[in-house]
Amino acid sequence: MGQTILGLSHRKLVAFQPVPAANGLSIINIPTGPTYYAIDLNYKRTGVDATESEFKADVKWVRLKIGNKTCFEVSGKRLVDIFNKYYGIAFANGIAYIPLARPWLKTVEAVENSAWGTANVDTFTLEVEFAASAVSPTMEAHALASVYSRDLG
């Protein structure tokens, strides 16, 4: 079980299927119901936390889908450069952060309104596509979520 902070839990998601591989696509079916604030991708190359340049080179695409609709799609490079560095989130070896809620907004209400509720969602999937340069890749995903359920909207 994950750690709970201020009503939010940080928990490990199920394993990627199929197992990450060079030139491969791996998918996680994220449980629906909770409200999601962020997803962390923990990426290792041959058992060692990937450097920033390795992450950018090895992760071709990261996609979040609601049903069959892609709602978030970004390259590994953009994930690190835009969604992490631009917003002041330092890259720690092996960890990339996908902010679903926008913690930099000025009010608590604004942050809450930007979180992804999944009460009215049938399927919520995370896809990661790896480049040919990925050497013995392994990846885990963790979600920062609230047990309070609300609709995506």
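In this text, all values refer to a predicted model and were calculated from it rather than measured experimentally. (Residues numbered from 1 in each chain as written. Predicted model: local features only at pLDDT ≥ 70, side-chain atom pairs only at ≥ 80, totals over all residues. Heavy atoms only, no water.)

## Some remarks on the packing of aromatic side chains
Taken as a whole, this structure holds six aromatic pairs when the rule is applied. For the pair tyrosine 43 and phenylalanine 55, a centre-to-centre distance of 5.9 Å together with 80 degrees between the ring planes defines the contact as edge-to-face. Taken as a pair, tyrosine 43 in strand β4 (residues 35–45) and phenylalanine 55 in helix α1 (residues 52–58) lie far apart in primary sequence, 12 residues in all. Ring-pair connections join several aromatic residues into one group, and the members of that group are Tyr43, Phe55, Phe91 and Phe130. (Phe/Tyr/Trp six-rings, centres within 6.5 Å; stacked < 30°, edge-to-face > 60°. Helix = DSSP H or I, 4+ residues; strand = E, 2+ residues; numbered from the N terminus.)

## Comments concerning the nonpolar core
Note on soluble globular proteins: their nonpolar side chains tend to be buried together. Leu41, Phe55, Leu64, Leu79, Ile98 and Leu126 are the most contacted members of the largest nonpolar core, which totals 34 residues. Those elements giving two or more residues to this core turn out to be β3 (25–30), β4, β6 (59–66), β7 (69–74), α2 (76–86), β8 (95–99), β10 (124–130) and β11 (137–146). Tyr37, Ala101, Val111 and Ala115 belong to the second largest nonpolar core, which has five residues in total. (Core = buried A, V, L, I, M, F, W, Y, C linked by side-chain atoms within 4.5 Å. Buried < 20%, exposed > 50% of the residue type's maximum accessible area, 1.4 Å probe, protein only.)

## As for a nonpolar patch on the surface
On the surface, a cluster of nonpolar side chains totalling about 470 Å² of accessible area is made up of Ile82, Tyr86, Tyr87, Trp104 and Leu105. On the secondary structure map, leucine 105 appears in the loop between β8 and α3 (108–114). (Patch = residues over 30% accessible without salt bridge, like charges linked within 9 Å, V, L, I, M, F, W, Y side chains within 5 Å. Areas by Shrake-Rupley, 256 points an atom, 1.4 Å probe, with all protein chains shown as cover. Salt bridge = Lys/Arg side-chain N within 4 Å of Asp/Glu carboxyl O.)

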